Amino acid sequence: MSYAIGIDIGGTKTAIGLVSADGEVRAKVSLPTDQTVAPDIMVDRMAAAIQDILAAQGVHQAELIGIGVGAPGPLNTKEGKIAEPPNLRSWWNFPVVASLARYFSLQIRLENDATAAALAEKWLGAAKDAEHFVFVTISTGIGAGIYSHGKLITGASGNAGDVGHFVVDPSAGTCVCGQKGCWEYVASGTAVARQASALLSREVSSKEAFDLAAAGHTSIQELVAKVFENIGVGCVTLINTFDPEKLVIGGGVSQVGAPMFEAVREYVSKYALNPSGRQTPIVPAALHQDAGLIGAAALVHIPY
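Residues numbered from 1 in each chain as written. Predicted model: local features only at pLDDT ≥ 70, side-chain atom pairs only at ≥ 80, totals over all residues. Heavy atoms only, no water.

Student: Can you help me understand the side chain of Ser 20 in this one?
Tutor: Within the secondary structure layout, Ser 20 lies in strand E2 (residues 13–20). When residues no more than four places from it in sequence are discounted, the contact partners of Ser 20 are Met 1, Ser 2, Tyr 3, Trp 123 and His 301. (Helix = DSSP H or I, 4+ residues; strand = E, 2+ residues; numbered from the N terminus. Contact = heavy atoms within 4.5 Å.)

Student: In this structure, what is going on with the sheet that holds strand E7 (residues 108–112)? I would like to understand it.
Tutor: Sheets are built from strands paired through backbone hydrogen bonds, the pairs being either parallel or antiparallel. Here we have five strands laid out as an open sheet, ordered E3-E2-E1-E4-E7, and mixed in their pairing. The strands lining the two open edges of the sheet, one partner per strand, are strand E3 (25–32) and E7. For this sheet, the mean inter-axis angle between neighbouring strands, taken without regard to orientation, is 15°. Note that strand E4 (residues 64–71) and E7 share five bridges and pair parallel. (Pairing = 2+ DSSP bridges. Axes fitted to C-alpha atoms, helices over the stretch in contact; angles between N-to-C directions.)

Student: Sorry, what's going on with the sheet that holds strand E11 (residues 246–250) here?
Tutor: The five strands lie next to each other as E10-E9-E8-E11-E12, forming an open sheet whose pairing is mixed. Each end of this open sheet is capped by a strand with a single partner; those strands are strand E10 (151–153) and strand E12 (282–284). Neighbour-to-neighbour, the strand axes of the sheet open up by a mean angle of 25°, direction not taken into account. Where strand E8 (residues 133–138) lies against strand E9 (residues 142–148), six bridges are found, and the strand directions are antiparallel. Note on E9: the bridge partner recorded for Ile 138 is Ile 142. Contacts from helix H3 (residues 113–124) reach E8, E9, E10 and E11, with the element oriented near 50° to E9. Across the sheet, helix H8 (residues 258–271) lies against E11 and E12, angled at about 165° from E12, the strand it touches most.

Student: What is the right way to look at the pattern of salt bridges in this model?
Tutor: Pairing of side chains with opposite charge becomes possible as their charged atoms draw close. Following the criterion strictly, the structure yields 11 salt bridges and no others. In this structure, Arg 102 engages Asp 40 in a salt bridge whose closest nitrogen and oxygen atoms are separated by 3.6 Å. You can see Arg 102 sitting in the loop between helix H2 (96–100) and E7 and its partner Asp 40 sitting in helix H1 (residues 39–57), a full 62 residues away along the chain. A relative accessible area of 46% places Arg 102 in the partly exposed class. Accessibility expressed as a relative area gives 35% for Asp 40, which makes it partly exposed. Residues Glu 131 and Lys 122 are paired through a salt bridge, measuring 2.8 Å at the closest nitrogen-oxygen approach. With relative accessibility at 36%, the residue Glu 131 sits in the partly exposed group. One salt-bridge network, held together by shared partners, links Asp 40, Asp 44 and Arg 102. (Salt bridge = Lys/Arg side-chain N within 4 Å of Asp/Glu carboxyl O. Buried < 20%, exposed > 50% of the residue type's maximum accessible area, 1.4 Å probe, protein only.)

Student: Help me out: how do you make sense of the nonpolar core in this one?
Tutor: One recurring pattern in soluble globular proteins is that nonpolar side chains are buried together. By size, the foremost hydrophobic cluster in this structure holds 37 residues, and its most contacted members are Val 136, Trp 183, Ile 231, Ile 249, Met 260 and Val 268. Contributing elements (two or more residues each) for this core: E8, E9, helix H4 (183–187), helix H5 (189–200), helix H6 (206–214), helix H7 (218–242), E11 and H8. Beyond its immediate stretch of four places on either side in the chain, Trp 183 contacts Val 136, Ile 142, Val 163, Gly 164, Phe 166, Val 168, Ser 188, Asn 230, Ile 231, Gly 234, Cys 235 and Leu 238. Among the nonpolar cores identified, the runner-up in size contains 33 residues, and Ile 5, Leu 31, Leu 54 and Leu 100 belong to it. (Core = buried A, V, L, I, M, F, W, Y, C linked by side-chain atoms within 4.5 Å.)

Student: Just checking my understanding: could you explain the environment of Lys 180 for this structure?
Tutor: The topology assignment puts Lys 180 in the loop between E10 and H4. Relative accessible area serves as the criterion here: at 48%, Lys 180 is assigned to the partly exposed category. As for Lys 180 and Gly 216, which are separated by 36 residues in sequence, their C-alpha atoms are 31 Å apart. In terms of polar contacts, Lys 180 uses its side chain to reach the side chain of Thr 174, at 3.0 Å. (Polar contact = N/O pair within 3.5 Å; in protein donor to acceptor, adjacent residues only side chain to side chain.)

Student: In this structure, what is going on with unusual backbone geometry? I would like to understand it.
Tutor: Glycine aside, residues mostly have negative phi, and peptide bonds are mostly found in the trans state. The step from Gly 73 to Pro 74 runs through a cis peptide bond, and the omega angle for that step is 0°. With respect to the element layout, Pro 74 can be found in the loop between E4 and strand E5 (75–76). Phi at His 149 takes a positive value of approximately 55°, unusual for a residue other than glycine. When you line up the elements, His 149 lands in the loop between E9 and E10. Owing to a relative accessible area of 66%, His 149 belongs among the exposed residues under this scheme.

This is the structure we're talking about:
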């Protein structure tokens, strides 16, 4: 049996797992992403965690075919660097691949976390039957992985899929990137929480906002309806741009379930340009809890 290590680096935690060639997560651990220490020290901790996993599972390093790393963008995958992710400021321009190579003489592949998740959905999830699809994750921000003509579309530096920064509504306010009215500024979980908090004059999480809408709170219902419409706007843009046979939506906001999917499908059915595009299947992601680990490991297990 051959194995890959998947590493999913996030702003608050880093998940590490041992994933078999058939996609089974044999063991996993989560480490706090400690931004008070140098990134090299975090990599030291990752390497120690990997060695602990291998020892506990009785797996020799010779049985590993590589390490896959999913990380928030922007990245520079050609140079194996984390470039300038807003939630990992202390990691800017950090050569994560070279740092891991201090410990492991294996292939190490780095891609955007949404790109890695798209590959996981192709391998084991909701896109197994698709050769042209876009995976969209809607949570703290919005990102996408693009799979077309049987392969991932990663771009010149690994940053294809930064769709959260499509401009949807310039009147809405200024995004963290400096543009006005980006898709994630008006349609992410963060956007829901920000707007609901302003409406209610107190701190409101996105989950609470969706719960209030479901319970019939009128102004929050109107907010959520507008958010769902804005998700639809972005999905129409993706359909018009990439002509996918399927859209797969994951991330925390997708957990709202049927109300969101029904609203987005209705919007797309009206406004996608191509008649066939109006019928594009829009489905939930199949991989949830371990999607980041599996996606990172897929970078090693699956040709892309």
